[in-house]
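One-letter residues, chain by chain:
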Amino acid sequence: MEPELLDYLFEEPASPPPAPKEAGRRLGDALVESRLSGMGDAGVRALLARKLCRLLPDLPADGRDKATAVALRALEQLARDHVTHVREALATVIQDIACAPPTVVRRLARDVERCVAEPVLHCCATLTDEDLLALIAAQPADWALAAIARRRTVSAPVSTAILEAGAPEASGALLDNDGALIHEDDLERLVEEAAARRDWQGKLARRPALPRRLAVRLAAFVDESVVEVLRSRPDFDAATVAEIAAVTRRRVDWIEERLPGEAPERRAMRLHRDGRLDENALGDALSWNERGFVRAALSLRAAVRPALVDAILDSGDARAVTALVWRAGLSMRCAMQVQARAAAIPPRAMLNARDGTAYPLAAAEMARRLTRYGVAP
C-alpha cells in the first residue's frame, strides 16, 4: 500500500476536511487499494470504521457514485466483523451520525454483544419506530429493552411494546424518561402493578401529565414520602390535592379506628355486619399489608370457607385469585391489588385488566376455576 494512503486513513487531518467530491474520490481509492476484506489486523479495521463514519456526512447523499457504494459495502462488512472490538468501534461512532446507513444500523442494533448494540439502540436516530418494534418483537435481552426505553424520544406504540415485554428495568427506565409518551391505559396498568413494585411508585408520582384519577389511586397505597411528591406537584389543582389528602387521611383513620386487641378477623366481621366491608376497606388493609384482614374479608364477601381462601391466595394462581375477588363482588382493580399484595404473585405472572378496568375472563370461566379449589358454584 502506498504511504500516502496510510497517512490519509489513520492520521487526523490538521486542516479542514476536503470537499465532498474530493473526500469521496480519496475514500474510494483508499478502500479499493486496501482490499478491506483481506486486512487481518482488527485494530486497523477498527480505525477504518471510525474514519469511514466521520466521512459519511461528506459523501453524496444519493449513494450512486462508486466511492459511496464502496464505503457502504465496507461499513456493512465491518458491521459483520467477527471481532467484537471492530463492531464496537463502528457502533460508538455511527450512533451519532444522522445519515448512517439503515442496513448497517439495523445489523448493529441486533448484535448479541451489549457493547455493540446498546449505544445504537440508545442514541441512533436512524432507527425508525418500525425498526424498534421489530426489535422488541424479537424478544431481546432486558438491557436492550432498557436502552430503547432511554432514547431521547419514545413514541407511544414503542412504549406500549416495551411495557408488554414485561422487563421491569425497561419499564422503570421508561417511567424515568420524560421524552417517552405513555398511553393512559398503560399508565393505569403501571399504577396497579406499582403496588408490588415500590421502585416504580416515586417514578409514577413524578411522571409528567399523570392523570389526577391515577394520582389519587396511587396515593391509596404508597408511603408518605411518595404522597408528599403527589401533593407538591404544581400541575394538580386544589381539588386534586385535597382528594389525595383525603385518601391519606382515610389510611391514617384505618389504623386509629382499630379497637384495642381486636384481631383482623374480628374487625372484618364487625365491618361486614355494619355494611362497611367494601373496596375501600380492603384497599386500606392492603396498604398496611394486613393480609389476615384481607383473607377474612374475602371469605365473608365471597361466602367461601377461610381454608379455601387461604388455599387460593397461597396457590400463586392469578386466575383463581382474580376469580375469588370477582366472586366477592369487587372490581378488577381490587383483584390486581390482591394478586400483588395478598397473594404475592410476581408482576410478570399477574392477570391484568382488560381495557384498563374490566375482568379479562368470562364469568363462567372464573366459576370453573374456583371449583378446582373446592368452591361450589
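Reading guide: rules and limits
Residues numbered from 1 in each chain as written. Predicted model: local features only at pLDDT ≥ 70, side-chain atom pairs only at ≥ 80, totals over all residues. Heavy atoms only, no water. pLDDT = per-residue confidence, 0-100. Contact = heavy atoms within 4.5 Å. 1 Å grid on protein atoms, 1.4 Å probe; cavity = no way out; pocket = protein on both sides within 12 Å on 5 of 7 lines; lining within 4 Å. Points joined across faces, edges and corners; volume = space filled by probe spheres on them. Helix = DSSP H or I, 4+ residues; strand = E, 2+ residues; numbered from the N terminus. Nonpolar A, V, L, I, M, F, W, Y, C, P; charged D, E, K, R; others polar. Phe/Tyr/Trp six-rings, centres within 6.5 Å; stacked < 30°, edge-to-face > 60°. Buried < 20%, exposed > 50% of the residue type's maximum accessible area, 1.4 Å probe, protein only. Lys NZ or Arg CZ within 6 Å of the ring centre and 35° of its normal. Axes fitted to C-alpha atoms, helices over the stretch in contact; angles between N-to-C directions. Parallel < 35°, antiparallel > 145°, perpendicular 65-115°, else oblique.

This paragraph deals with the confidence of the model for the protein chain. Per-residue confidence for the protein chain gives a mean pLDDT of 85, with 87% of residues at or over 70. Across residues 1-14, where pLDDT falls below 50, the model places 19 contacts with residues more than four positions away in sequence or in other chains. Of the regions scoring below 50 in pLDDT, residues 32-38 engages in 10 contacts with residues more than four places distant in sequence or in other chains.

This part is about the layout of surface pockets. The space that makes up the largest pocket amounts to roughly 370 Å³. Contributing to the lining of the largest pocket are 16 residues, with Arg217, Ala220, Arg250, Asn280 and Arg333 lying nearest its centre. Among the secondary structure elements, those contributing two or more residues to the lining of the largest pocket are α14 (212-219), α16 (238-256), α18 (279-287) and α22 (332-342). Of the residues in the lining of the largest pocket, the class split is 6 nonpolar, 3 polar and 7 charged.

Before going further, it helps to spend a moment on the packing of aromatic side chains. In this structure the tally under the stated criterion is 1 aromatic pair. Here the aromatic rings of tryptophan 254 and phenylalanine 293 are separated by 4.9 Å at their centres, their planes lie at 85 degrees, and the arrangement is edge-to-face. With a gap of 39 residues between them, tryptophan 254 in helix α16 and phenylalanine 293 in helix α19 (residues 291-302) connect regions that are remote in the sequence. One exposure class covers both tryptophan 254 and phenylalanine 293, and it is buried. One cation-aromatic arrangement involves arginine 197 over tryptophan 200; the distance from NZ or CZ to the ring centre is 5.2 Å. Here the basic side chain of arginine 233 rests over the ring of phenylalanine 236, its NZ or CZ set 4.7 Å away from the ring centre.

On to the packing of helix α6 (residues 102-109) against helix α7 (residues 114-123), then. Contact geometry of α6 with α7 gives a least axis separation of 7 Å together with a crossing angle of 125 degrees. What the angle tells us is that α6 and α7 run oblique. Across the interface between the two elements, Val105, Leu108 and Ala109 from α6 touch Val116, Ala117, Val120 and Leu121 from α7. Of the residues that constitute the contact of α6 with α7, the class distribution is 7 nonpolar, no polar and no charged.

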